[in-house]
Amino acid sequence: MDVELRQLRCLVAIVDEGTFTDAAIVLDVSQAAVSRTLASLERALGVRLLRRTSRQVTPTATGLRVVAHARRVLTDVDELVREATSGHAHLRIGYAWAALGRHTLPLQRRWGEKHPEIDLHLVRVNSPTAGLAEGACDLAVVRRPLDDRRFDSAIVGLERRLCALAADDPLARRRAIRLADISGRTLLVDRRTGTTTTELWPPDARPATEETHDVDDWLTVISTGRCVGMTAESTANQYPRPGVVYRPVRDAEPIAVRLAWWRDDPHPAAQAVMELLTSLYRTG
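Residues numbered from 1 in each chain as written. Predicted model: local features only at pLDDT ≥ 70, side-chain atom pairs only at ≥ 80, totals over all residues. Heavy atoms only, no water.

A. Spatial organisation of the overall build of the chain. Check the secondary structure of the chain and you find eight helices and 12 strands. Here the C-alpha atoms of the chain give a radius of gyration of 28 Å, more than 25% beyond the 19 Å that 2.2 N^0.38 yields for 284 residues. When the 284 residues of the chain are sorted by exposure, 45% land in the buried category. Looking at the chain alone, contacts between residues at least 24 apart form 69% of all its contacts between residues at least 6 apart. Of the charged side chains in the chain, 39 are positive and 37 negative, and the gap between their average positions amounts to 3 Å. (Helix = DSSP H or I, 4+ residues; strand = E, 2+ residues; numbered from the N terminus. Rg over C-alpha atoms; globule rule 2.2 N^0.38 Å. Buried < 20%, exposed > 50% of the residue type's maximum accessible area, 1.4 Å probe, protein only. Contact = heavy atoms within 4.5 Å. Lys, Arg positive; Asp, Glu negative; His and termini not counted. Charge placed at Lys NZ, Arg CZ, Asp CG, Glu CD.)

B. Inspection of helix α8 (residues 270-283) at higher detail. In this model, α8 (14 residues) spans 20 Å end to end at C-alpha, consistent with the 20 Å of a helix rising 1.5 Å per residue. Residues of α8 that are buried in the fold lie against β3 (90-95), α5 (104-114), β5 (139-142), β6 (151-159), α7 (233-238) and β12 (255-262). (Expected span 1.5 Å × (residues − 1).)

C. Structural context of helix α2 (residues 20-27). Restricting attention to buried positions, one finds in α2 the residues Phe 20, Ala 23 and Ala 24. For α2, the buried positions fall inside an angular range of 105° around the axis, keeping them on one side. Exposed residues pointing more than 90 degrees away from the buried face of α2 are listed as Ile 25 and Val 26. On the buried face of α2, the contacting elements are α1 (5-17), α3 (31-45), β1 (50-52) and β2 (57-59). (Arc of directions from axis to C-beta.)

D. Summary view of empty space enclosed by the protein. Tallied over the entire structure, the rule returns one cavity of 30 Å³ or more. Taken as a whole, the largest cavity spans an internal volume of roughly 280 Å³. Together, 24 residues line the largest cavity, and Trp 97, Arg 143, Thr 193, Gly 194 and Thr 195 are the ones closest to its centre. Elements that contribute at least two residues to the lining of the largest cavity include exactly β5, β8 (186-189) and β10 (229-232). The element that contributes the greatest number of residues to the lining of the largest cavity is β10, accounting for three residues. Residues belonging to the lining of the largest cavity are distributed by class as follows: 14 nonpolar, seven polar and three charged. (1 Å grid on protein atoms, 1.4 Å probe; cavity = no way out; pocket = protein on both sides within 12 Å on 5 of 7 lines; lining within 4 Å. Points joined across faces, edges and corners; volume = space filled by probe spheres on them. Nonpolar A, V, L, I, M, F, W, Y, C, P; charged D, E, K, R; others polar.)

E. Spotlight on the sheet that holds β12. Pairing is mixed across the open sheet formed by five strands, whose spatial order is β4-β3-β5-β12-β6. Edge positions in the sheet fall to β4 (119-124) and β6, since each has one partner strand and no second. Shown here is a sheet whose adjacent strand axes are inclined to one another by a mean of 25°, direction ignored. Sheet analysis places β3 next to β5, joined by three bridges and oriented parallel. Considered in β5, the bridge of Tyr 95 is made with Val 141. Helix-sheet contacts for α8 involve β3, β5, β6 and β12, and the interaxial angle to β6 is about 15°. (Pairing = 2+ DSSP bridges. Axes fitted to C-alpha atoms, helices over the stretch in contact; angles between N-to-C directions.)

Given below as structure tokens:
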């Protein structure tokens, strides 16, 4: 069974316009061509789709269901075409937890000023590639190296590591803490996208861990005092939460912020985004 898009467009045009003649005008074909196309669709499906009289054309019960599906198919195809051909007009940047923290809004505003012809959209996808592998974005902000040869990446900035604590935690009274201060605590981590592993501590002083996969759940558990967390500085900027405080970890190495893209199909705006992000982190 072969059903073609031109057949579906013909069916929808007939129903929308009400006559074969008007549908032919909209489709810029002859009335005979409209009749042949509809007949071929009905043969392919093995059902009657329209009732035709000298005055009007109306869908059958089956025809109504087919028309509804046809509209969805045609809408999806139109969206597919726009997606494939609008690479220069749209730019989606994925991130897993915290985008770019305090640099997020400056990025959006400066991009709009410098590149008004390209719409920028931020997309949150909690996956190791922040949506890049899933096709949800064109570029991705990630905070750990991508072990996948399909992608390239470049470091655009560095962020401090912070410890997230319940507001009434004794460590919250300090201005900064050290790794040893939390070695005996339970650390809440996201192994898929997070930047924290127990390898930050010596083998004989590593904290216990529990796992989460969502920043809101992470914050909720930490606010109870049952666990603590370590994260990039952007998380503190993007997710202030009553009951949770963030403190710098003095002896923890900073986190590299990377911009990643498809190696064999980089977005045309990748270089411009990289330069703008590098500038924001350097001046910030």
